[in-house]
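Notes for the structure review
These are the residues of each chain, in order.
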Amino acid sequence: MWMSREFPAVTFERFADDAVIHCVTERQARQVREAIGGRLADIGLELHPGKTKLVYCKDSRRRQGFDQVTFTFCGYEFRPRMAFDRNRKQVYTGFLPAVAPEKLTGMSRKIASWRIHRRTTQTLSEIARWLNPVLRGWLAYFTVFYPSRVIPLCERIDRHLMRWAQRKYKRLERSDKRAREWLEDVRELAPRLFAHWALRY
């Protein structure tokens, strides 16, 4: 309500205590930031000094230089990225979101903590039933924009599955190549077994 009253022409998004405010010029951005800082001070709060920053949304149309050209919001990192036109013929730079590197790291650590390779008493189908609800949630959220950035996570999951196979099947235990071929065969026979296999990589 305060924003709509004080800055009716300035659009913004908010999630919990994070907000992204869209300004036309650097001067306007500094003015809005100062006003918001004053408003928060009036109610006993303050802008987070480490998270509050001015970002230049640099793309092919914006050629001005600026130190800060990236920000993270709701798990997505927004920054200049290579993009294609609708016909995929012309390349340009767009200011686009993709899964934030720290989110990717967090998901990878979570998967590692599950120690999939030690679940050798379970079948692959049982592992899939247990794993897929989490994977579907992550993928549904983080593949809306720039889905190729999630591929490293998919590859890590596959490596955990290979380690599982090497512990479960003696004929695979000493050969990464055989374990990879085994997993590729499983994927070919049951391409929907694991949620992340729906991505092309």
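As the structure is a prediction and not an experimental result, all values here were calculated from the model. (Residues numbered from 1 in each chain as written. Predicted model: local features only at pLDDT ≥ 70, side-chain atom pairs only at ≥ 80, totals over all residues. Heavy atoms only, no water.)

Quick word on the overall build of the protein chain
When you go through the protein chain residue by residue, the secondary structure sums to six helices and five strands. Its helices and strands in sequence order give the protein chain the pattern α-β-β-α-β-β-β-α-α-α-α, from N to C terminus. Relative to a compact globule of 201 residues, whose C-alpha radius of gyration would be 17 Å, the protein chain shows 23 Å and is clearly more extended. Summarising its shape, the C-alpha atoms of the protein chain cover approximately 70 × 45 × 25 Å along the three principal directions. Out of the 201 residues belonging to the protein chain, those deemed buried represent 32%. Looking at the protein chain alone, contacts between residues at least 24 apart form 49% of all its contacts between residues at least 6 apart. In the form shown here, the protein chain has an accessible surface area of approximately 14,000 Å², with 50% of it arising from carbon and sulfur atoms. Each charge class in the protein chain was averaged separately, 40 positive and 22 negative side chains, and the resulting centres sit 5 Å apart. (Helix = DSSP H or I, 4+ residues; strand = E, 2+ residues; numbered from the N terminus. Rg over C-alpha atoms; globule rule 2.2 N^0.38 Å. Buried < 20%, exposed > 50% of the residue type's maximum accessible area, 1.4 Å probe, protein only. Contact = heavy atoms within 4.5 Å. Areas by Shrake-Rupley, 256 points an atom, 1.4 Å probe, with all protein chains shown as cover. Lys, Arg positive; Asp, Glu negative; His and termini not counted. Charge placed at Lys NZ, Arg CZ, Asp CG, Glu CD.)

Structural notes on the side chain of Arg81
Following the sequence through the fold, Arg81 ends up in strand E4 (residues 76-84). Owing to a relative accessible area of 4%, Arg81 belongs among the buried residues under this scheme. Beyond its immediate stretch of four places on either side in the chain, Arg81 contacts Tyr92, Thr93, Gly94, Leu96, Pro97, Ala98, Tyr146 and Arg149.

A short note on a positive patch on the surface
Together, Arg115, Arg118, Arg163 and Arg167 give the surface a local cluster of positive charge. Relative to the assigned elements, Arg118 resides in the loop between helix H3 (101-113) and helix H4 (124-142). (Patch = residues over 30% accessible without salt bridge, like charges linked within 9 Å, V, L, I, M, F, W, Y side chains within 5 Å. Salt bridge = Lys/Arg side-chain N within 4 Å of Asp/Glu carboxyl O.)

Some words on the pairing of strand E5 (residues 91-99)
Across nine bridges, E4 lies against E5 in antiparallel orientation. Residue pairing for E5: Arg81 is matched across the bridge by Gly94. Linking E4 back to E5 in an antiparallel pair, the connection comprises six residues, with Arg88 at a positive phi of about 60 degrees. (Pairing = 2+ DSSP bridges.)

Regarding the nonpolar core
Judged by nonpolar contacts, the single largest core of 32 residues is most densely connected at Ile116, Leu153, Leu161, Trp182 and Phe194. Looking at this core, the elements that each hand over two or more residues are H3, H4, helix H5 (151-168) and helix H6 (176-189). By residue number, the principal contributor to this core is H4, which donates eight residues. Listed in part, the seven residues of the second largest apolar core include Met3, Val10, Val32 and Leu40. (Core = buried A, V, L, I, M, F, W, Y, C linked by side-chain atoms within 4.5 Å.)

Description of H3
Over its 13 residues, H3 extends 18 Å from the first C-alpha to the last, a length consistent with the 18 Å expected when each residue adds 1.5 Å. Along H3, the residues classified as buried are Leu104, Met107, Ser108 and Ile111. Each buried residue of H3 sits inside an arc of 100 degrees when the element is viewed along its axis, so together they form one side. (Expected span 1.5 Å × (residues − 1). Arc of directions from axis to C-beta.)

Description of the packing of aromatic side chains
Inspection of the entire model under this criterion finds 14 aromatic pairs. Site record: aromatic cluster; members linked through ring pairs are Tyr76, Tyr141, Phe142 and Phe145. The residue whose ring lies beneath Arg171 is Tyr169, and the NZ or CZ to ring-centre distance is 5.8 Å. (Phe/Tyr/Trp six-rings, centres within 6.5 Å; stacked < 30°, edge-to-face > 60°. Lys NZ or Arg CZ within 6 Å of the ring centre and 35° of its normal.)

A few points about the sheet that holds E4
Each strand in a sheet pairs with another by means of backbone hydrogen bonds, the pair being arranged parallel or else antiparallel. Read from one edge to the other, the open sheet built from three strands follows the order E3-E4-E5, with strand pairing classed as antiparallel. Two strands close off the open sheet at either side, each with one partner strand: strand E3 (71-73) and E5. Within this sheet the neighbouring strands show an average axis-to-axis angle of 50 degrees, counted without direction. Contacts from H3 reach E3, E4 and E5 within the one sheet, and its direction differs from that of E5 by about 45 degrees. (Axes fitted to C-alpha atoms, helices over the stretch in contact; angles between N-to-C directions.)

Description of the layout of surface pockets
Take a probe with the size of a water molecule and roll it over the atoms, and the empty space left behind shows itself. Approximately 1,800 Å³ is the volume found for the largest pocket. Only helix H1 (2-6), strand E1 (11-15), strand E2 (18-22), helix H2 (26-42) and E3 provide two or more residues apiece to the lining of the largest pocket. No other element matches the seven residues that H2 contributes to the lining of the largest pocket. Among the residues making up the lining of the largest pocket, the classes are represented as 28 nonpolar, six polar and eleven charged. (1 Å grid on protein atoms, 1.4 Å probe; cavity = no way out; pocket = protein on both sides within 12 Å on 5 of 7 lines; lining within 4 Å. Points joined across faces, edges and corners; volume = space filled by probe spheres on them. Nonpolar A, V, L, I, M, F, W, Y, C, P; charged D, E, K, R; others polar.)

Some remarks on the pattern of salt bridges
For the coordinates displayed, the defined rule picks out five salt bridges. Of the charged contacts, one joins Arg5 and Glu6 as a salt bridge, the two residues approaching to 3.4 Å between their closest N and O atoms. Residue classification places Arg5 among the exposed residues on the basis of a relative accessible area of 55%. A relative accessible area of 41% places Glu6 in the partly exposed class. Taken together, the shared-partner salt bridges connect Glu77, Arg79 and Arg81 into one network.

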